[in-house]
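# Observations on chain architecture
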Amino acid sequence: MHYSEDTLTIKFLVTGVWILDTLRLSFVCHYLYYYLITNYGIPASLLYSVWSYPASVLVHVRSFRLNIIYDKNQQCCR
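Small disclaimer: the values here were computed from a predicted structure and weren't measured.

Reading the values: rules and limits
- Residues numbered from 1 in each chain as written.
- Predicted model: local features only at pLDDT ≥ 70, side-chain atom pairs only at ≥ 80, totals over all residues.
- Heavy atoms only, no water.
- Helix = DSSP H or I, 4+ residues; strand = E, 2+ residues; numbered from the N terminus.
- Polar contact = N/O pair within 3.5 Å; in protein donor to acceptor, adjacent residues only side chain to side chain.
- Contact = heavy atoms within 4.5 Å.
- Phe/Tyr/Trp six-rings, centres within 6.5 Å; stacked < 30°, edge-to-face > 60°.
- Buried < 20%, exposed > 50% of the residue type's maximum accessible area, 1.4 Å probe, protein only.

Let us look at the side chain of Ser56. Positionally, Ser56 belongs in helix 2 (residues 52-76). A polar side-chain atom of Ser56 sits 2.8 Å from the main-chain carbonyl oxygen of Tyr53. Residues contacting Ser56, with those up to four places away along its chain left out, are Arg24, Phe27, Val28 and Tyr31.

Laid out in structure tokens, this is it:
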């Protein structure tokens, strides 16, 4: 691992991806808990989307875009 040679921009980008991925995972845990624990045995709850599901999709898309930027930067600078 040669992270000491990375620029400050790359370090911030990696930190941003790490934070977004952690946030997405917490949203996923929330909506799984909502459907599997809180509303266990209530099929009507599946008709409504809990707020954390669209939020996790949005964060996942943002994180994926940052990963693409990071990958392109790594290919460019080799």
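Back to the write-up after that little detour.
Further remarks concern the packing of aromatic side chains. All chains considered together, the criterion is met by 3 aromatic pairs. With a centroid separation of 5.5 Å and 80° between ring planes, the pair formed by Phe27 and Trp51 is classed as edge-to-face. Pair noted here: Phe27 is in helix 1 (residues 8-38) and Trp51 is in the loop between helix 1 and helix 2, with a separation of 24 residues, a long-range link. Residue class for Phe27 comes out buried when judged on its relative accessible area of 14%. The class for Trp51 is exposed, based on a relative accessible area of 54%. With centroids separated by 5.2 Å and ring planes inclined at 80°, the aromatic side chains of Tyr31 and Tyr53 adopt a geometry described as edge-to-face. Of this pair, Tyr31 sits in helix 1 while Tyr53 sits in helix 2, and the two are 22 residues apart along the sequence.

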